[in-house]
Structure formats: C-alpha cells, structure tokens
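# Commentary on secondary and tertiary structure
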Amino acid sequence: MADVTAEIEALALGAMRAWVAGDVKAMKKITARDFMLLVGSMPPQLLDRPSFLAAMERGFACTRFAFREVIVRPYGKSAWFVAGAELELAFGPKVWSGGFLVTDLWRKGTIGGWKLAERNLARLDQDDSVAAAVSRLQLWK
C-alpha cells in the first residue's frame, strides 16, 4: 500500500505542477478521457476534460499551491487522494485564494497506468471549532 500511496502523491503533485506551468499537454496525459473538475463555488460548477484543458489556455490558472495534510486511500484499481491545500487560482484578472480541500479520484487502467478521473476543489471552513468538534467524534482516539 505504501508504494501506491507514494505513487498517487507523486502523480497529484505532477498534476498540480502541470497546472501551475500551464502545460496543457502534460495535463492531457495525466487526466482520463472522462475527467471532470468540480469547483466548489456557489452554485458548484463542473468542467469536463476538454473544457478544463481549454480553460487552462484561456487564463484559468493555478499560480501557487502547497499541499498540507495528505491522505491516500487505495481501493483496488482506484485511489482517493485528499489534501488540505493553499491554492491561488486565477480566472483571468480574478484571483481566488486561500485554504482548499483538494479531492482526486485516480483510476489505474490496463494501459497507461494511473489517470486522474476527477478533481474537486472546495474552500475550507475557517471556523476551527468545526474541526475540533469532529475530532471529538472519532472513536479511535
């Protein structure tokens, strides 16, 4: 499992670096044909793979990122990647930055290895009391 975890973490970093670099060709290689990006706006918005790749060329940029807490959960030929992250996203002149939850679904195909099937971006709640309240509910502590 440790090998899958390290591999998925490296792939998620590669996807973010491709986005920061504006490297559409690299992002196309990393993403599955049925890739979807869900943006946690109000209301939430979806971008399919062709829309996301075109948006990268038209100014939808990740100009800065840093992953904080990272969790990888393998499930057979799929794996969830979840990370708290500091992101700076740009929609042309509009900047959207701060703490985000990045959730990826990676699928391993018989040809081509792991591909990013879905990415979700949502702003994190700044109320620290929510995390503390949920933490107290965890039975394993």
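Scroll up for the structure.
Residues numbered from 1 in each chain as written. Predicted model: local features only at pLDDT ≥ 70, side-chain atom pairs only at ≥ 80, totals over all residues. Heavy atoms only, no water.

### Brief notes about the overall build of the protein
Secondary structure assignment for the protein yields four helices and six strands. For the protein, the sequential pattern of α-helices and β-strands runs α-α-β-β-α-β-β-β-β-α. With respect to the three principal axes, the spread of C-alpha positions in the protein is 45 × 40 × 25 Å. Sequence separation of at least 24 residues holds for 52% of the intrachain contacts in the protein that already meet a minimum separation of 6. Total accessible area computed for the protein in this model is approximately 8600 Å², and 59% of it derives from carbon and sulfur atoms. Where the 19 positive side-chain charges of the protein centre and where its 15 negative ones centre are 6 Å apart. (Helix = DSSP H or I, 4+ residues; strand = E, 2+ residues; numbered from the N terminus. Contact = heavy atoms within 4.5 Å. Areas by Shrake-Rupley, 256 points an atom, 1.4 Å probe, with all protein chains shown as cover. Lys, Arg positive; Asp, Glu negative; His and termini not counted. Charge placed at Lys NZ, Arg CZ, Asp CG, Glu CD.)

### Some remarks on the nonpolar core
Among the nonpolar cores identified, the biggest contains 33 residues, and W19, F52, L87 and L89 are the most heavily contacted of them. When near neighbours in sequence (up to four residues on either side) are disregarded, W19 contacts M27, F52, M56, F60, A61, C62, L89, R119 and L121. (Core = buried A, V, L, I, M, F, W, Y, C linked by side-chain atoms within 4.5 Å. Buried < 20%, exposed > 50% of the residue type's maximum accessible area, 1.4 Å probe, protein only.)

### A word on the sheet that holds strand β2 (residues 45–48)
Taking strand neighbours across the sheet as the criterion, the six strands line up as β2-β1-β6-β5-β4-β3 in an open arrangement whose pairing is mixed. Looking at the sheet topology across the chains shown, the edges are occupied by β2 and β3 (60–75). Direction aside, neighbouring strands of the sheet carry axes that sit 20° apart on average. Bridge count for strand β1 (residues 31–40) against strand β6 (residues 113–123) is six bridges, and the pairing is parallel. What sits directly across from L38, in β6, is N120. (Pairing = 2+ DSSP bridges. Axes fitted to C-alpha atoms, helices over the stretch in contact; angles between N-to-C directions.)

### A word on a nonpolar patch on the surface
Taken together, the side chains of V130, V134 and L137 define a hydrophobic patch exposed on the protein surface, amounting to about 280 Å² of accessible area. Here V134 lies in helix α4 (residues 128–136). (Patch = residues over 30% accessible without salt bridge, like charges linked within 9 Å, V, L, I, M, F, W, Y side chains within 5 Å. Salt bridge = Lys/Arg side-chain N within 4 Å of Asp/Glu carboxyl O.)

### As for the packing of aromatic side chains
Inspection of every chain in the model, using the stated rule, returns nine aromatic pairs. For the ring pair W19 and F60, a centre distance of 5.2 Å and an interplane angle of 80° mean the geometry is edge-to-face. Separated by 41 residues along the polypeptide, W19 in helix α1 (residues 2–21) and F60 in strand β3 bring together distant segments of the chain. Using a relative accessible area of 2% as the deciding quantity, one classes W19 as buried. Summarising the aromatic geometry, the rings of W96 and F100 are spaced 4.8 Å apart at their centres and angled 85° between planes, so their arrangement reads as edge-to-face. The exposure classification of W96 matches that of F100, with both residues buried. An aromatic cluster is built from W19, F35, F52, F60, F91, W96 and F100, whose rings are joined through pairwise contacts. Across from the ring centre of F100, 5.3 Å away, lies the NZ or CZ of R123, which sits over that ring. (Phe/Tyr/Trp six-rings, centres within 6.5 Å; stacked < 30°, edge-to-face > 60°. Lys NZ or Arg CZ within 6 Å of the ring centre and 35° of its normal.)

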